[in-house]
Amino acid sequence: MATAELASQRESDHLSQLTMAAARYENRTERRERNRAVLETRGPLYADTPERVEKRLARLGTDWAMARAIERTPTEPASGAGSTLRLPPEAVTSEVLGLERLIGRNNLTPVAFLEEGVQVSRSVGRITISGPGGGHGTGFMVSPSLLLTNNHVLPSAQEADRSKVAFAFQDGVDGGPLVPAVFPLEPLRLFVTDRALDFSLVAVAPRGAQGEALSSFGRLVLSQAQGKVVIGEYVNIVQHPRGEPKQIALRENQVVDLLDRFLHYESDTREGSSGSAVFNDQWEVVALHHSAVPKTDTEGRPLSVDGTVWRPEMGEQQLAWRANEGVRISRVLEALHAVPLTGEAARLRDEVFTTGLAPSPGESAPPMPFPFGTSALPGTNGSPAQAVDGAARLTIPLRITLGLDTPLSSPAALITSPATPPPTAAPQPSPAGRPDIVSAVEKDVDAALTSHRLAQRGPYYDRTADIAARDAYYADVGTGDGDGDALRRALTGLLTETHGPRPRYKPMSMVYPWVDLHKDGRLRSIYSGKDFSAEELIRADAAVAEARLARVQELLLRESTAGPAEFEAEFDALEASMPFNCEHVVPQSWFAKKEPMRGDLHHLFACEVGCNSFRGNFPYFDFPDFDEAVREDCGMREDVGFEPEEGRGAVARATLYFLLRYPGQVGDAAREFPEDRLPLLLKWHEGEAVSEYELHRNAAVAEIQGNRNPLIDHPEWARAIDFTGVWP
């Protein structure tokens, strides 16, 4: 293709990208406005999907309890729930600054943020395309040899062959220009492009025009992991606008929408910024900037600043624009991984997914020796275990799911049924795995203790705010005019619809630091009444989590040739031998330990291991001679069931909530909840009035997972609800 034709095609492709970006933006107007409204009234914790927010918080090593504590300021009115935590200024310490920046309440940040930004910016360079139709763009190194930019910057190998990239094209601290290092591109070694996702990947010469080493400018580590950014968060863009020296759009660039393949953000980019890296505040690449979203006429054509239809020959500086669009980096990696390559080209491409080399300046993640952020399980024969949301996937014949909010660098977290045969010999354990486990658990402990300290600084229960929240929550729920089934169905629908996010089961993160606290700041066993400090149970459960994960690694190594039955039996025994100090009032075995039931905070209570084990999965029972019987501190248990020493009203209301929220999930066996047990729950409910402790719990849970317990809010509804429909 002739040079003039290439230039014409390049302009046409760019116009096409602008038009499509504008169409995507226009089609999402309603969703985007809804996002903005939520950001203004409730903040980033609620603008994106609960799943993405949970992954983002987990990636930051924290949870909803701590995030909600930081979200409120002392002067901000409560949004309804009584457990709102308001932090005084002195509570804003270095340990919470990162979350404050995510939530958008505080712009203070450690100086290291700037130092890291300087490091990663070294890998960003200005692309110059020589000849007719040439121009400038931005690109960044994503492996020791490869540069990533837009397809509309480098649409073909021919144009890449007459292009160069300059690093350190920027001003120094004294205001004077640095001497840039210029490297030719080498598309004959590798050139991959994708018009739909608007990216091009091209090899760069290892030496510059003056003999400079390309390796000295490092590379940016790309990751497919979820949780790198959410709607409402701010991003940073290092760029060469209009081919000028390197500049940065810093933090005042809010993500306003997140599509399947693209994200939209409001930022200060200019022509020439195409191909820039879009970073989160941890300097992870979240997107490839590729297009302004232009203003358009009724026919969808881009407009210029004077209101006329824009044409490529006018230049990008004449475009009138509304926002910016980036291609999600995870989608770029997916497409790149699917490209069929062989030989040297395949090896170069695979370096994008390999970070096992020594870190170079600009690298923002630790070494990981396998593609897509995978790592070998300690002690295995090196077969990669694919990382999925902080979990590792290893092929052996069994499905087990464990989890830590803080990802391990080599956890045994997700095991799936085999696509290939398992190893033929059991490898020896590696001592390297244990420190990773300890480090991850320690981070969880630190986050939980910080959450607890923050919780102590806020009001325990705000009755006025909670009443307002309660009334708003049930505003559309009538009493059914005596129709108990209609009331039940309305409540079930409401509880399900508003249950978001849905936290995983991890009592040390939310139950102990805040949800289950009594007014004196201590925890009490739901069955025995024995009290504990929050730190005591947090550290006790952390020790159990650490021991479990270590034992799981041992099982994986020792049982790599065992069949599913043998492994499952050992794992069940492990689970039974290491219980947490937390009670599910509806036993986990009754719903097969499935989420969201397992992590539903409404039925999780502090309970020492002894009482937890004593109750087991026995159903609740009312012993006629309970007061006179000789019994354990936890209560009385016989073959027919279990009656607790304390907390009958609270556990009854939690159980009734569970039946409303998950109708048909339990109640099909004599040891679970046959319908003839309902009178017992109603008796306990009516025999013990709702306490301030339960009101606090209900409000705290509502703040975290969105839904409320109707039996706490409206005790009088217990007899009005027809529970018949909750049984299978």
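Going by the structure above, here's the rest.
About the criteria used
- Residues numbered from 1 in each chain as written.
- Predicted model: local features only at pLDDT ≥ 70, side-chain atom pairs only at ≥ 80, totals over all residues.
- Heavy atoms only, no water.
- Helix = DSSP H or I, 4+ residues; strand = E, 2+ residues; numbered from the N terminus.
- Buried < 20%, exposed > 50% of the residue type's maximum accessible area, 1.4 Å probe, protein only.
- Contact = heavy atoms within 4.5 Å.
- Areas by Shrake-Rupley, 256 points an atom, 1.4 Å probe, with all protein chains shown as cover.
- Pairing = 2+ DSSP bridges.
- Axes fitted to C-alpha atoms, helices over the stretch in contact; angles between N-to-C directions.
- Disulfide = S-S within 2.5 Å.

*Asks:* Please explain the overall build of the chain as it appears in this structure.
*Replies:* Per the secondary structure count, the chain includes 21 helices and 25 strands. Evaluated residue by residue, the chain yields a buried proportion of 55% over its 728 residues. Taking contacts inside the chain between residues at least 6 apart in sequence as the whole, the part at least 24 apart equals 69%. A total accessible area of about 29500 Å² is found for the chain, and carbon and sulfur atoms account for 52% of it.

*Asks:* Explanation requested: the sheet that holds strand S7 (residues 199–203) in the structure shown.
*Replies:* Across a sheet, strands are paired by hydrogen bonds formed along the backbone, either parallel or antiparallel in direction. Strand order in the open sheet formed by 7 strands is S5-S4-S1-S2-S3-S7-S6, and the pairing between neighbours is antiparallel. Only two strands of the sheet have a single partner each, and these edge strands are strand S5 (181–184) and strand S6 (191–194). Taken over all neighbouring pairs, the strand axes of this sheet differ in orientation by 30° on average, direction set aside. Here strand S4 (residues 163–167) runs beside S5; their pairing, made up of 4 bridges, is antiparallel. Counted as the bridge partner of Val165 is Phe183 from S5. Together, strand S3 (146–149), S6 and S7 form the strand contacts of helix H9 (residues 329–338), whose direction differs from that of S7 by roughly 60°.

*Asks:* Please clarify how the environment of Leu659 should be interpreted in this entry.
*Replies:* Residue placement: Leu659 occurs in helix H18 (residues 648–661). Classification of Leu659 by relative accessible area gives buried; the value is 1%. Taking C-alpha positions, Leu659 is 9.3 Å from Phe673, a pair spaced 14 residues apart along the chain. Apart from residues lying up to four places away in sequence, Leu659 is in contact with Val666, Phe673, Leu681, Val726 and Trp727.

*Asks:* I would appreciate a short explanation of the state of the cysteines in the present structure.
*Replies:* Two cysteines joined by a covalent bond between their sulfur atoms form a disulfide. Across all of its chains, the model carries 1 disulfide by this definition. The residue that forms a disulfide with Cys611 is Cys634, at a sulfur-sulfur distance of 1.9 Å. Looking down the S-S bond of the Cys611 and Cys634 bridge, the torsion is -85°, so its handedness is left-handed. Of this pair, Cys611 sits in helix H17 (residues 609–615) while Cys634 sits in the loop between H17 and strand S24 (635–638), and the two are 23 residues apart along the sequence.

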